[in-house]
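Architecture and fold: a report
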Amino acid sequence: MQLPEIEVIFSCSEDNFLPAVDVWIVIDVLRATTMITRWFELGGTELYPVRNPDEAKKLISDLRERGSDPLLMGEVNGIPPEGFDLGNSPAELNYKIVQDHYCGVISTTNGTVALLEAASSGSPVIASSLRNASAVMDHALTLGNNIGVLCSGRKGRPCLEDTLCAGALVDDLNFRYANKILMSDSAKIALTVWNDRGENLEEYIKKSDHAKFLEHIGFSEDIKFCSEYDACTVVPMLFNDKNEHTILRSVIGSSKPHAERIKPLEQNKISHPELEPVKKINDPFEELLQYTRKPSQYFYIHNHSHNNYNNHKSKEHK
Ligand code: MLT
């Protein structure tokens with residue numbers, strides 16, 4: 001059985017080189033992926049991540065033309081831009097807001113950009129925060145055992161809270177496979193930060209630059225909320241909607257408490273057959289095809305690979 005390997009990218013920038021992995025887990029603890037997690041936790045069904053407010057407003061009008069009533073949420077410099085219905089504060093999101101809309105569009109400085117960067121890799125993409133970290137790893141392992149973790153970071157540089165969450169994911173994976181996983185150096189560094197966290201995640205995260213900024217502009221409640229570990233089991237994943245827009249949907253959710261889910265290696269081998277390694281495929285197109293054999297649910301990416309994918313797909317169906 002091929003043991004899992006995990007790679008961590010500490011921050012997302014436009015010229016990111018993303019190595020080939022079976023699945024990308026994207027993190028933006030303060031606050032985009034926590035906001036996304038909370039949206040689905042409260043019953044939201046669809047959420048469109050976009051790169052900036054202008055794209056958000058354009059998409060909102062397209063969706064409204066098609067009879068949808070999406071909520072426009074997000075931030076620039078931590079606060080909602082002009083014309084937005086809501087900011088990017090998970091502590092402010094509530095059941096009534098979500099139940100009134102179910103569908104939303106979200107634009108943030110780093111988090112939604114990182115999701116879309118990961119989507120341009122060709123691999124499935126999952127949004128993780130501390131709130132849903134174990135459920136995310138449960139699902140990531142059903143997609144393969146070469147796992148990439150992309151931290152959004154802050155202004156193109158590493159940030160403490162995303163690195164901490166990446167370390168939590170590395171620690172979780174290591175626990176499941178009895179400390180036998182293959183870790184990149186960056187994964188080892190993230191694990192070191194996680195092991196340095198002490199007793200109180202909120203106090204640790206408050207040391208970060210972005211937490212200090214959020215406290216300064218009046219969002220202290222969000223830091224507390226974003227520090228809650230394994231508070232839910234929603235797993236937001238990127239898909240293509242029927243109009244080729246990138247959309248987040250929650251693929252899984254269970255009420256199993258954290259402790260029940262995480263079992264040492266021996267029990268996993270018995271109770272979680274899906275943890276068997278995915279067949280390693282060398283031919284990139286063959287690798288791409290493995291996803292086309294599943295319902296057309298995974299996001300495909302960049303134009304060039306999109307054309308190749310289309311050509312390849314037509315060949316496959318001849
Ligand atoms: C980000 O995308 O960097 C964060 O979501 C910013 C924030 O919410 O304050």
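This report concerns the structure included in the present document. Owing to the predicted nature of the structure, the values given are computational and were not obtained by experimental measurement. (Residues numbered from 1 in each chain as written. Predicted model: local features only at pLDDT ≥ 70, side-chain atom pairs only at ≥ 80, totals over all residues. Heavy atoms only, no water.)

Let's talk about the site of the ligand
In the neighbourhood of the ligand, 13 residues make up the surrounding shell, with Asn88, Thr108, Asn110, Gly111 and His210 lying closest. Contact distances for the ligand include 2.8 Å between an oxygen atom and a side-chain N or O atom of Arg31. At 2.8 Å from an oxygen atom of the ligand is found a side-chain nitrogen or oxygen belonging to Thr108. Considered on its own, the ligand offers 270 Å² of accessible surface; in the complex 98% of this is hidden by protein. Partitioned by chemical class, the residues of the shell around the ligand number three nonpolar, seven polar and three charged. (Near = heavy atom within 4 Å. Polar contact = N/O pair within 3.5 Å; in protein donor to acceptor, adjacent residues only side chain to side chain. Areas by Shrake-Rupley, 256 points an atom, 1.4 Å probe, with all protein chains shown as cover. Nonpolar A, V, L, I, M, F, W, Y, C, P; charged D, E, K, R; others polar.)

Structural notes on the packing of helix H6 (residues 160–176) against helix H7 (residues 185–195)
Orientation of H6 relative to H7, taken along the N-to-C sense of each, is 100°, at an axis distance of 7 Å. What the angle tells us is that H6 and H7 run roughly perpendicular. Counted together, Leu160, Thr163, Leu164, Ala166, Gly167, Ala168, Val170, Asp171 and Asn174 of H6 and Ala187, Ala190, Leu191, Val193 and Trp194 of H7 form the full contact between these two elements. Among the residues making up the contact of H6 with H7, the classes are represented as ten nonpolar, three polar and one charged. (Axes fitted to C-alpha atoms, helices over the stretch in contact; angles between N-to-C directions. Helix = DSSP H or I, 4+ residues; strand = E, 2+ residues; numbered from the N terminus. Parallel < 35°, antiparallel > 145°, perpendicular 65-115°, else oblique. Contact = heavy atoms within 4.5 Å.)

Quick notes on the pairing of strand E9 (residues 236–240)
Side-chain direction in a regular strand flips from residue to residue, so the side chains alternate between the two faces of the sheet. Most of E9 sits inside the fold, with five of its five residues counted as buried. What you see with E9 is no split at all: Pro236, Leu238 and Asn240 on one side and Met237 and Phe239 on the other are buried throughout. Alignment of E9 against strand E10 (residues 246–250), held across five bridges, turns out to be antiparallel. Following the sheet pairing, Phe239 is matched in E10 by Ile247. (Buried < 20%, exposed > 50% of the residue type's maximum accessible area, 1.4 Å probe, protein only. Pairing = 2+ DSSP bridges.)

What about the pairing of strand E5 (residues 103–107)?
Burial within E5 is extensive, with five of its five residues counted as buried. Alternating residues of E5 divide into Cys103, Val105 and Ser107 and Gly104 and Ile106, and every residue in both groups is buried. Where strand E3 (residues 46–50) and E5 come together, five bridges link them in parallel fashion. In the strand pairing of E5, Glu46 is matched with Cys103. Both strand E4 (residues 71–74) and E5 contribute to a ladder of four bridges, which runs parallel. Across the sheet, the residue bridging to Gly74 is Ser107, located in E5.

Observations regarding the pattern of salt bridges
As enumerated under the stated definition, the model contains 14 salt bridges in all. Note that Asp100 is salt-bridged to Lys96, the shortest N-O span being 2.4 Å. Among the ionic contacts, a cluster of salt bridges with common partners joins Arg38, Glu41, Arg131 and Glu228. (Salt bridge = Lys/Arg side-chain N within 4 Å of Asp/Glu carboxyl O.)

Describing the nonpolar core
Among the nonpolar cores identified, the biggest contains 56 residues, and Ile6, Val8, Val105, Leu130, Met137, Ile147 and Val149 are the most heavily contacted of them. A total of seven residues in this core trace back to one element, the largest contributor, which is H6. Sequence-distant contacts of Ile6, defined by excluding residues within four places in its chain, comprise Met137, Ile147, Val149, Val170, Leu173, Ile181, Leu182, Met183, Ser184 and Ala187. Within the second largest apolar cluster, 29 residues are counted, among which are Cys12, Trp24, Val26 and Ile36. (Core = buried A, V, L, I, M, F, W, Y, C linked by side-chain atoms within 4.5 Å.)

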